[in-house]
Amino acid sequence: MQLSRGSFSHSFGVAMGRALLLAAAVFLGTCSTHAAVSDELTWWNIERFLREFVNEGLGANKLQDYLDNEFEWKNREVDGRETLNKIRSSAVTLFQATINNLRNLKATVEAVYTDWPAFTRQNISDSEFCCGTDEVNNGDVTPPRTGCAVLATRLDPGAAVRAVRPPDPVLRQLQRIPKFTTKTTHYIALEDGSLFMHPPKSKDKLLVCDDYEFRSRYFYTQSKSPEPRSVVVVVDGGMERDPLLEHAVNKVYNELSPIDRIGLCLPDSNSCRTVVWKRDRFPHGCTWPREDGPLGQTTFLGRLLFNNKGNRAKLSEILKNFGEYAAFSDQASALKAGSDLLKKQNESQYLQIAGQPHSVLVYVTKRGDWEKWRDDDALVKQLDASLDLGISIVINHLYGVPQGVKRGVIMEKNGATVTFSPIKDNGELYASETEIPSYGLEDGSRPVIPIPYYDAFGDGYIITVCMTLMHNRSFVGTVCSDLSIINLLEAVINVDDIEGGYVFIVDRLGRALKHPLLPAPHSVTVDPTYVTIDKLEISPGVRHILDKAVRQETGNETVKGLYVESLGYPRGINIPSAMRVRHRTLQYLWAPINETDLAIVVVLPVNENGQVTSTEYSCKSPKACETSHFEYNEPRNNVSRTFCKFVGISVVKGEGLVKFAPDCFIDVLSYVRGEIDPAKVYAIFNGTLPHDEVLREDLRPSVKFLEEAEEAWKSNLNLSNYIGTRFMGTEDGSFISFPGIQLNQIFDHRDLPWYQTALSNTEPSSISMTTPYYSELGLGLVCTVSKALHDNRGNPQAVVAGDFTLQYIMTHFLNQVPYCKRHTCLLVDHLGFVVLKSDWAIHQTPKWFKDTDIIGSHINRVAADIARDLIARKYLMRRACHEYERSLTYYSWSLAFPGFRTWHEGPNYGIYKIVSTNLFLAYRTEGRAITPCNCDPYQRGDQVKCHGTCEMECECPCVAGPDTIPCHTSDADLHKYPLPACKPRYLITARATDDSSSIPACVDFDCSVRNKTDCSNVIWCLWSEEKCQNVDS
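Note that the structure is predicted; figures quoted are calculated from it, not measured.

### A look at the packing of aromatic side chains
And step 1. Following the criterion strictly, the structure yields 37 aromatic pairs and no others.
And step 2. Taking the centre distance of 5.5 Å and the plane angle of 85° together, the rings of Phe-897 and Phe-920 count as edge-to-face. Here the residue Phe-897 occupies a position in the loop between β39 (888-895) and β40 (903-905), and Phe-920 occupies one in strand β42 (residues 919-924), the gap between them amounting to 23 residues. Accessibility classification places Phe-897 together with Phe-920 in one group, the buried group.
And step 3. Ring-pair connections join several aromatic residues into one group, and the members of that group are Phe-630, Tyr-632, Phe-660, Phe-665, Tyr-671, Tyr-682 and Phe-685.
And step 4. Its guanidinium or amino end placed over the ring of Tyr-113, Arg-162 lies 4.2 Å from that ring's centre, counting from NZ or CZ.
And step 5. In this structure, Arg-584 packs its charged tip against the face of Tyr-563, placed 4.4 Å from the ring centre.

What follows is the structure, given as structure tokens:
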């Protein structure tokens, strides 16, 4: 299953469907029992003026003709096996060379480890710490040439460390590695708390340094125990809260790796207590969408959880706020409760795809009577029973060592151990090891590859390859290389040339390391997302394929799978995109990546002829691709740009700017960092440099297409009076804005709602409009109108769009549909969000620019009785997706009519589907009172009763608004089938510059001389306080 940036192929049936749709619309409109209202309600004008917007204002029809006639289109059949072999070869080359270099480094370090000198902090210069240096060149501090050291935060001041000054053989080996590849960081991290990195980095480039405990970072914790563990902490305290006990529990969790699972066992009648996961079902100030708990989870206690920051925080909070509780009756009962929990979880099918982990029980107790533990028959019997199950036990006795009990292993059987590890106080706690057993260190030649995470050394989102360091059969550290995901995987392991194709990587534990639906952390403090691949590939028909890939097998199979599309989201509020799941025939091809525990899977869509195809377009001749006025996002060398103020922001006067998405570049990481010379980009498009010096593919056809769009916009400059910014983006990552706005490097138009909404419309002629949002360009409230442009097979190749002020759209709307001047009308999108409400016109003051009643408003809140009727008739239905980054379920609504139906009449309203758009027009019928909700919003009991039923009419949208909770019976439960993953959140940072305070306006416009009608027709003016005012004022 995949998150698509495109939509499905279309055929002649689409054109026929549209004709039938129009015929049905006319029939339903003219044959209604309320024909008089239909005659007066000129709903068809809405589609007409929107088409005028896109064709006249944006030039969509001319651009579609240009795309059809000015390029050569080539459709080729793709050999899936050849595609897999090519991608696999790239992956093997990438990982194998890295692993070979690390093996050489590991051998060198282990050979010199005995003679590697150690130094105390007092004998080390400050310049050697945290990549500091005494070298200063032209005022800039530069790192040492050989590398630099970082010390762990919680290091004992008197401790002796090695990594600060590596021996010469180690330095020479490190210096050989960059000859293989650049843009990687290599480091040696030792158990003594010291780390040495190469190549060196300036201190100001490190995201963390003075406060960095690398021994709790995932590359280190997984190197220390390469095989997964299930770790249950059994707390056997007393009646009062104990800070040392809480710290001991938290230390256990923090030193585990992300492949481990964690659990907390609190006493409850000699068993592990369970607490229902609570949440306030009726919060004050509702927000959309509804946040549900972790998928299928009703408790945090009495179960095993993924070891991530959110789960650790929740368990810590429960332990802190648990209050008074009775202890277990004795040690044996406590150990039995923890062992039962581990046994039950290991028998479950929750993580069957990932295999069964090793079991560890950590018993944290203040209980005495350990001096004669061997004489306690019940205790010895229980210890013996746990060992028989393969459960290792660590006993953390707090506040001292009982007499007659030695620290260390006190029992051993069946490959499991019982270790006594007393803790006197917090100082001893943080200076000592947790004594939790490690697993998987026997095969030191096998690489350790944690799930991707955000790098603390400034390389962004990375995947790390490590090799464990062993000395005298004990773990002493790890050697690692960081590979940039964005640079070395996104740019190499992909099938972007195949519409709807994608690649994912899975490890032997079933974890997804790369997938279009896998969220990526955006900062050092954010945990990577631990998701087994079956949560992202939810089709039951592919489960056996996933199992084969996890088992490192090779094969290919064509199946009926599931295909996920993003439907966009309303601008102005931070929520995940709504998702749609469709059935589609897919070819899965899989193979292992040699010498790793990873497998690569390629997924390709299969057409109705059983083929995988790819469409490419090119200019008809080299001359046809020549650009006449290409202006890149960054200026040419030594050429200054003329900026002007365009309704509050700085733009390039009279010119459009072309911006490429990060994955257009071969060296993505250098591009994101701003290290690509703009002169090289200009040289590609003036013909003096081949594209493959900088770009992954030849983008000249796309840029020529963008230039044609700019020419079309320039020829209609008078339309700029009512259009804000015009822009167009292509599927291959090229983008142009007019007037030109300089954008940040990470900007990618394909992640934005106007683009996704346009692609989600399956009709090639469809027009989309976003909900109102506060313009980043200073235009006040605007709506983006967009239209997808398609190739000769019906696949989208680009989206052209423009920002229109809500004031202008509303004026146009009321003129075209005068019925709505006297009655309440709503324009509602396909998700139920309100695009326009006829009485919003009375709020035209500057205060409405950030009016939350407009931005992100939903029909459930604005017209609850209409929503209730649509819900009852199953026209307005629930959808949901699960966001694995924060482990929350998000609900959305879908508004659609079945078949060819385009109109519905309710008790006091009517609603039309606006043909060839994503919009519906809902209107109040004259002479009918608004039916009130039959739920009393002030009686909590009635609310609970209402929400506890599954009658659609009693979902009470009037009370809960868009937060209405869906039914959870077996017939109506959205969780009845696996939910798709939500589209990973995108960090939107649009403009690179915005200083317009000291530059002249692009247009000298006098708004004061315009009347109310004329004022609404220009973007520069706003009707407020009964006069026409300039927006900038």
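Having seen the structure, we can now continue with the description.
### What to know about the state of the cysteines
And step 1. Scanning the entire structure with this criterion turns up 5 disulfides.
And step 2. Shown here is the disulfide that connects Cys-619 with Cys-625, its sulfur atoms set 1.8 Å apart. Here the S-S torsion is close to 75°, and the disulfide linking Cys-619 with Cys-625 is therefore right-handed.

### Focus: the side chain of Glu-213
And step 1. Along the polypeptide, Glu-213 turns up in the loop between β9 (194-198) and α7 (218-224).
And step 2. A distance of 2.9 Å separates polar atoms of two side chains, one belonging to Glu-213 and the other to Arg-215.
And step 3. Residues within four places of Glu-213 in sequence aside, it is in contact with Ala-152, Thr-153 and Arg-154.

### Section: the environment of His-544
And step 1. Mapping His-544 onto the fold places it in helix α14 (residues 543-550).
And step 2. Classification of His-544 by relative accessible area gives partly exposed; the value is 32%.
And step 3. A distance of 3.4 Å separates the side chain of His-544 from the backbone oxygen of Gly-541, its partner in a polar contact.

### A word on the nonpolar core
And step 1. Phe-660, Phe-665, Met-728 and Phe-813 are the most contacted members of the largest nonpolar core, which totals 92 residues.
And step 2. Broken down by element, this core gets its largest block of residues, 6 residues, from helix α19 (residues 806-816).
And step 3. Apart from the residues lying within four places of it in its own chain, the contact partners of Phe-813 are Ile-46, Phe-49, Cys-820, Cys-825, Leu-827, Leu-836 and Leu-921.
And step 4. By size, the runner-up hydrophobic cluster in this structure holds 81 residues, among which are Phe-95, Tyr-461, Val-479 and Ile-593.

### Let's talk about helix α11 (residues 377-388)
And step 1. Between the first and last C-alpha of α11 there are 16 Å, a value that for 12 residues agrees with the 16 Å anticipated at 1.5 Å per step.
And step 2. Listed in full, the buried residues belonging to α11 are Leu-379, Gln-382, Leu-383, Ser-386 and Leu-387. What you see down the axis of α11 is that its buried residues fit within an arc of 135°, all on one side. Facing away from the buried surface of α11 by more than 90 degrees, the exposed residues are Asp-377 and Lys-381.
And step 3. Note on α11: the residue one or two positions beyond its end, Gly-390, has a positive phi of about 80°.

### Points about the packing of helix α5 (residues 80-112) against helix α6 (residues 168-176)
And step 1. Orientation of α5 relative to α6, taken along the N-to-C sense of each, is 175°, at an axis distance of 9 Å. In terms of orientation, α5 and α6 fall into the roughly antiparallel class. Judged by residue contacts, Asn-101, Asn-104, Leu-105, Thr-108, Val-109 and Val-112 of α5 engage Pro-169, Val-170, Gln-173 and Leu-174 from α6.
And step 2. For the contact of α5 with α6, the per-class residue count stands at 6 nonpolar, 4 polar and no charged.

### Description of the sheet that holds β40
And step 1. One open sheet holds the 5 strands; their spatial order is β37-β36-β42-β41-β40, and the pairing between them is antiparallel. At either end of the open sheet lies a strand with only one pairing partner, and these are β37 (834-837) and β40. Across this sheet, the average inter-strand angle for adjacent strands is 15°, counted without regard to direction.
And step 2. In this structure, strand β41 (residues 909-913) lies alongside β42, joined through 5 bridges in antiparallel fashion. From the neighbouring strand, Lys-913 faces β42, where its bridge partner is Phe-920.
And step 3. Against the sheet, α19 contacts β36 (825-829), β37 and β42, and its axis sits at roughly 60° relative to β37.

### Thoughts on the pairing of β9
A regular strand carries its side chains on alternate faces of the sheet.
And step 1. Of all 5 residues that make up β9, 5 are buried, and the element is covered over most of its length.
And step 2. Neither face of β9 is left uncovered, since the one carrying Ser-194, Phe-196 and His-198 and the one carrying Leu-195 and Met-197 both have all their residues buried.
And step 3. In terms of strand pairing, strand β6 (residues 148-151) meets β9 through 4 bridges, oriented antiparallel. Directly across from Leu-151, in β9, lies its bridge partner Ser-194.
And step 4. Pairing analysis gives 4 bridges linking strand β8 (residues 184-190) to β9, with the strands arranged antiparallel.

### Focus on the pattern of salt bridges
And step 1. On inspection of all chains with the given rule, the structure shows 36 salt bridges.
And step 2. In this structure, Glu-110 engages Lys-106 in a salt bridge whose closest nitrogen and oxygen atoms are separated by 2.7 Å. Here the residue Glu-110 and the residue Lys-106 both occupy positions in helix α5, the gap between them amounting to 4 residues, near one helical turn.
And step 3. Bridged by salt links that share partners, the residues Asp-534, Lys-535, Arg-543 and Asp-547 form one connected network.

Parameters at a glance
Residues numbered from 1 in each chain as written. Predicted model: local features only at pLDDT ≥ 70, side-chain atom pairs only at ≥ 80, totals over all residues. Heavy atoms only, no water. Phe/Tyr/Trp six-rings, centres within 6.5 Å; stacked < 30°, edge-to-face > 60°. Helix = DSSP H or I, 4+ residues; strand = E, 2+ residues; numbered from the N terminus. Buried < 20%, exposed > 50% of the residue type's maximum accessible area, 1.4 Å probe, protein only. Lys NZ or Arg CZ within 6 Å of the ring centre and 35° of its normal. Disulfide = S-S within 2.5 Å. Polar contact = N/O pair within 3.5 Å; in protein donor to acceptor, adjacent residues only side chain to side chain. Contact = heavy atoms within 4.5 Å. Core = buried A, V, L, I, M, F, W, Y, C linked by side-chain atoms within 4.5 Å. Expected span 1.5 Å × (residues − 1). Arc of directions from axis to C-beta. Axes fitted to C-alpha atoms, helices over the stretch in contact; angles between N-to-C directions. Parallel < 35°, antiparallel > 145°, perpendicular 65-115°, else oblique. Nonpolar A, V, L, I, M, F, W, Y, C, P; charged D, E, K, R; others polar. Pairing = 2+ DSSP bridges. Salt bridge = Lys/Arg side-chain N within 4 Å of Asp/Glu carboxyl O.

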